[in-house]
Amino acid sequence: MEAGEIDTISLKRPLSEDDNAKGDENKRQRFSEEPLKGRENPDPITVEAELEPPGKPALKGSKNETIPTEESTKQGEEELEGSDEGEPESFADMMKHGLTELDVGITKFVSSHKGFSGILKERYSDFVVHEIGKDGHVVHLDDFSVPVVDEDPPEDIFAVLSAEEKQQLEDLQLFKNKEGSVAIEVIEDTKEKRTVIHQAVKSLFPGLETKTEERDGKKYIVAYHAAGKKALANPRKHSWPKSRGSYCHFVLYKENKDTMDAINVLSKFLRVKPNIFSYMGTKDKRAITVQEIAVLRITAQRLAHLNKCLMNFKLGNFSYKNHPLKLGELQGNHFTVVLRNITGTEDQVRQAMLSLREIGFINYYGMQRFGTTAVPTYQVGRAILQNNWNEVMDLILKPRPGAEKGYLVKCREEWAKTKDPAAALRKLPVKRCVEGQLLRGLSKYGLKNIISAFGIIPRNNRLMYIHSYQSYVWNNMVSKRIEEYGLRAVPGDLVLKGGTAVYIEEANVDDYTIHDVVMPLPGFDVIYPKHKIGDAYGEILAVDNLDINNMKHKIRDYSLSGAYRKIIIRPQNVSWEMVAYDDPKIPLFNTDLDKLEGKPPAVIATEGKYKALKIEFSLPPSTYATMAIREVLKMDTSIKNQTQLNTVWLR
């Protein structure tokens with residue numbers, strides 16, 4: 001792919017120092033790698049999303065030019081609305097107010113090798129994620145062909161449209177037509193001819209609706225945009241062949257979009273509700289990702305036509321099946337990562353990668369779990385659990401130092417000055433953010449009913465706060481566990497047997513290794529270790545005025561049942577390669593799309609100005625690749641730390 005200017009994050013190794021309540025038997029039955037399976041909504045207050053580097057160039061349309069969509073145009077308008085004020089501080093200065101790993105309990109390493117520096121995500125193509133399906137196969141985009149089904153509209157219906165009409169319709173579909181509609185004269189006016197034109201427009205240009213009009217005694221088919229003007233339709237009620245599976249499964253290749261954003265764009269162009277799509281897991285925004293999606297009663301033909309007009313997506317590998325996909329069904333994700341401009345010797349790299357393969361890394365919750373602003377998400381979660389709703393409101397809405405969009409700064413200032421939710425809301429051009437949703441709730445329910453106002457925020461986003469607090473506690477407890485007992489299983493540790501947590505006893509301690517040990521996320525339905533760390537759980541909660549023996553909240557949604565999580569993860573399918581390069585803009589490996597487009601393989605030099613480390617590994621669900629990379633480089637992965645060390649932010 002072509003090179004583009006992108007932000008670089010230098011992962012330079014920091015110059016720091018080396019490094020009792022027992023539940024009933026039914027509490028042993030809780031096991032989940034993640035308290036909330038799959039993030040169905042993007043983190044609404046993570047500033048990473050607001051400060052997104054542009055990454056790779058956008059995917060191109062059929063005319064070899066970047067084609068704007070309604071979604072991209074809207075996002076661009078929102079960004080412009082928020083960028084009306086120049087920032088007096090540099091980005092690095094603003095990020096001084098953000099979090100470091102130390103703030104969220106990430107303090108230990110398991111390996112003994114010497115760390116080295118490297119640059120992560122210098123290009124978006126340097127970080128690629130492939131989903132691993134429930135059958136263990138790695139999902140790839142390698143086929144654009146559409147299954148031939150007799151009942152689908154024949155391709156020759158598209159011949160009824162002239163080249164000029166197709167161009168007009170394409171301009172209309174891409175919001176380039178100022179008229180808002182295109183009228184096609186029906187030369188031979190028969191019902192059959194009109195039907196064919198209707199079919200051709202809707203099949204070839206998803207997102208357009210049609211109607212028949214009579215003008216000056218002539219019949220016209222008028223095409224127009226339906227999205228946003230009517231309620232989104234259910235899956236089309238036309239007859240669906242019984243011989244064909246009800247769900248079209250396809251592979252989604254995306255750049256710089258999270259999964260829900262991608263589905264919202266697809267649903268808008270297809271004129272359907274987003275809930276007819278299903279998937280096994282959400283994928284991060286800041287990467288190229290490849291995953292399987294299923295959609296109810298939408299043909300592969302219609303989906304394939306979207307490839308001609310959507311930016312940052314490609315759809316392929318179509319098939320029809322009788323079942324949707326279920327959240328959590330995946331076995332994990334396979335990562336291909338390039339760390340550029342590394343300083344480590346071949347021997348240092350070999351030691352680091354052998355350790356990653358043989359020992360693994362601490363299964364910390366990564367920095368993206370906690371937000372990047374001066375108000376971490378776990379602090380809001382703690383206030384919810386404390387039932388301190390004034391504090392919840394204050395943490396979300398009060399002015400905060402650091403990097404934020406101009407309109408959010410104005411909104412916070414208005415709130416601090418007037419405590420008038422309606423006035424503060426008027427400062428927000430984008431009302432979908434958490435701040436906007438809370439202000440809308442406060443306008444509706446009043447300042448004396450913060451609980452109901454907070455309830456307007458989507459459930460998964462509300463639960464994100466308390467899960468962030470659980471993650472904060474878990475990270476701190478795991479660091480304490482490793483400091484106290486090292487990398488060996490000890491009596492009093494917990495392991496899972498058939499999903500049930502049991503204690504390691506003196507008699508069987510030799511049957512287990514550190515890779516078997518789990519630790520609980522705090523909750524009312526888990527048991528805690530029988531050694532010092534069990535007491536430490538109670539102590540860290542007590543500091544926050546929470547009772548380890550009473551984790552049920554008076555509002556059921558905020559009651560923490562808890563879960564168990566392995567403390568060490570050993571990646572699978574680990575491989576690595578040292579490569580040399582001179583030009584930072586050239587890709588060092590080909591993506592699925594590069595291969596489909598017939599681009600020649602990346603040329604790997606034996607000598608060059610810079611060295612890069614290309615690594616591949618597979619991880620189970622709900623684990624953080626950044627924590628594996630942290631173990632290799634021995635560095636702090638927080639944005640705050642990287643910007644203070646040696647980060648070049650190309651704004």
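The structure this text deals with has already been given above.
The numbers attached to residues start from 1 for each chain and follow its sequence in the written order. Owing to the predicted nature of the model, reporting of local features is limited to residues with pLDDT of at least 70; listing and counting of side-chain atom pairs is limited to 80 or more, with chain, interface and lining totals taken over all residues. As a convention, hydrogens and water are excluded, and side-chain values are obtained from all of the structure's heavy atoms.

1. Some remarks on the overall build of the chain
Piece 1. Within the chain one finds 19 helices and 19 strands.
Piece 2. A 1.4 Å probe rolled over the protein chains alone gives each residue an accessible area, and that area as a share of the maximum for its type sets the label: buried under 20%, exposed over 50%, partly exposed in between. Across the 651 residues that make up the chain, the buried fraction comes to 55%. Runs of H or I in DSSP of at least four residues are treated as helices and runs of E of at least two as strands, each being numbered from the N terminus.

2. Some thoughts on the packing of aromatic side chains
Piece 1. Paired rings are identified among Phe, Tyr and Trp, the last through its six-membered ring, by centres lying within 6.5 Å, and are further divided according to the angle between planes into stacked (under 30 degrees), edge-to-face (over 60) and tilted (the rest). Here the structure, examined in full by the defined rule, presents 14 aromatic pairs.
Piece 2. Judged by centre distance (4.1 Å) and plane angle (5°), the ring pair of Tyr 378 and Tyr 472 falls under stacked. Of this pair, Tyr 378 sits in helix H9 (residues 377-385) while Tyr 472 sits in helix H15 (residues 459-485); the two residues are 94 residues apart in sequence, bridging distant segments of the chain. Neither Tyr 378 nor Tyr 472 differs from the other in exposure class; each is buried.
Piece 3. Here a set of aromatic residues connected by ring pairs shows up, and it is made of Phe 370, Tyr 378, Tyr 469 and Tyr 472.
Piece 4. The ring of Trp 474 has Arg 565 lying over it, and the distance from NZ or CZ to the ring centre is 5.4 Å.
Piece 5. Stacked on the ring of Phe 109, the Lys or Arg Lys 634 has its end atom at 5.5 Å from the ring centre. Note on geometry: a ring has a charge over it if NZ (lysine) or CZ (arginine) is within 6 Å of the ring centre and within 35 degrees of the ring normal.

3. Here we look at the pattern of salt bridges
Piece 1. Between Lys or Arg on one side and Asp or Glu on the other, a salt bridge is scored when a side-chain nitrogen of the former is within 4 Å of a carboxyl oxygen of the latter. A complete count under the given rule lists 18 salt bridges for this structure.
Piece 2. A salt bridge links Glu 131 to Lys 283; its shortest N-O distance comes to 2.9 Å. Note that Glu 131 is positioned in strand S3 (residues 127-132) and Lys 283 in the loop between strand S8 (277-279) and strand S9 (288-296), a separation of 152 residues in sequence. Here Glu 131 and Lys 283 have matching classes, each one buried.

4. Regarding the sheet that holds strand S5 (residues 208-215)
Pairing between the strands of a sheet is mediated by backbone hydrogen bonds and can be parallel or antiparallel.
Piece 1. Taken together, the three strands give an open sheet; going across it, the order is S4-S6-S5, and neighbouring strands pair in antiparallel fashion. Each edge of the open sheet carries a strand with a single partner, namely strand S4 (181-185) and S5. If you compare each strand with its neighbour and ignore which way they point, the axes differ by 25° on average.
Piece 2. Paired strands, as defined in this entry, are two strands with at least two bridges between them according to DSSP. Judged from the five bridges that link them, S4 and strand S6 (residues 218-225) form a sheet pairing that is antiparallel. Counterpart to Val 182 in the pairing with S6 is Ala 223.
Piece 3. Packed on one face of the sheet, helix H4 (residues 163-173) meets S4, S5 and S6 and runs near 160° to S4. Orientation is described by lines fitted to C-alpha atoms, with helices fitted over the stretch in contact, and by angles between N-to-C directions that extend from 0 to 180 degrees. Any pair of residues with heavy atoms lying within 4.5 Å of one another is described as a contacting pair.

5. Re the environment of His 249
Piece 1. Turning to its location among the elements, His 249 is positioned in strand S7 (residues 247-255).
Piece 2. Look at His 249 and you get buried, because its relative accessible area is 1%.
Piece 3. With 70 residues separating them along the chain, His 249 and Ser 319 place their C-alpha atoms 5.3 Å apart.
Piece 4. With near-sequence residues (within four places) excluded, His 249 lies in contact with Glu 292, Ile 293, Ala 294, Asn 317, Phe 318, Ser 319, Lys 321, His 323, Pro 324 and Leu 325.
Piece 5. Under the rule applied, a polar contact is a pair of N or O atoms within 3.5 Å (in protein, one hydrogen donor and one hydrogen acceptor; residues adjacent in sequence only if both atoms are side-chain atoms). Engagement of the side chain of His 249 in a polar contact is seen with the backbone oxygen of His 323, the distance being 2.7 Å.

6. Observations regarding H15
Every α-helix carries 3.6 residues per turn, so stepping three or four residues along brings you back to the same face.
Piece 1. Helix span is expected to be 1.5 Å times the residue number reduced by one. End to end, H15 covers 38 Å across 27 residues, agreeing with the expected 39 Å (1.5 Å per residue, within 8%).
Piece 2. In terms of residue burial, H15 counts as a mostly covered element, since 22 of its 27 residues are buried.
Piece 3. Following H15 by one or two positions, Gly 486 has its phi on the positive side, about 70°.

7. Quick look at the environment of Asp 557
Piece 1. Its place among the elements puts Asp 557 in the loop between helix H16 (532-543) and strand S16 (563-566).
Piece 2. Relative accessible area serves as the criterion here: at 27%, Asp 557 is assigned to the partly exposed category.
Piece 3. Sequence separation between Asp 557 and Arg 462 is 95 residues, and the spatial gap between their C-alpha atoms is 9.1 Å.
Piece 4. In contact with Asp 557, not counting residues within four places along its chain, are Arg 459, Arg 462, Leu 463 and Ile 466.

8. A word on the side chain of Arg 400
Piece 1. Note that Arg 400 resides in the loop between helix H10 (389-397) and helix H11 (406-418).
Piece 2. Setting aside its immediate chain neighbours within four residues, Arg 400 contacts Thr 373, Ala 374, Val 375, Leu 395 and Arg 412.

9. Considering the sheet that holds S16
Piece 1. Taken in spatial order, the four strands of this open sheet run S14-S13-S15-S16, and their pairing is antiparallel. Two strands close off the open sheet at either side, each with one partner strand: strand S14 (500-503) and S16. When strand polarity is set aside, the average angle formed by the axes of neighbouring strands in this sheet is 55°.
Piece 2. Of the pairings in the sheet, the one linking strand S13 (residues 494-497) to strand S15 (residues 517-521) comprises two bridges and is antiparallel in character. Paired with Val 495 across the strands is Val 517, a residue of S15.
Piece 3. Contacts from H15 reach S15 and S16, with the element oriented near 145° to S15.

10. Remarks on the packing of H11 against helix H13 (residues 434-445)
Piece 1. Direction vectors running N to C along H11 and H13 enclose 30°, while the axes themselves pass 12 Å from each other. Relative to H13, the element H11 lies roughly parallel. Between H11 and H13 lies a crossing whose hand is left-handed. Where H11 abuts H13, its residues Leu 408, Cys 411, Arg 412 and Trp 415 lie against Glu 435, Leu 439 and Leu 442.
Piece 2. All amino acids are sorted into three groups, where Ala, Val, Leu, Ile, Met, Phe, Trp, Tyr, Cys and Pro are nonpolar, Asp, Glu, Lys and Arg are charged, and the leftover types, Gly among them, are polar. Residue composition of the contact of H11 with H13, grouped by class: five nonpolar, no polar and two charged. Oblique is the label for every angle not falling under 35 degrees (roughly parallel), over 145 degrees (roughly antiparallel), or within 65 to 115 degrees (roughly perpendicular). Handedness of a crossing is defined here by the sense of rotation of the near helix relative to the far one, left-handed for an anticlockwise turn of less than a right angle and right-handed for a clockwise turn.

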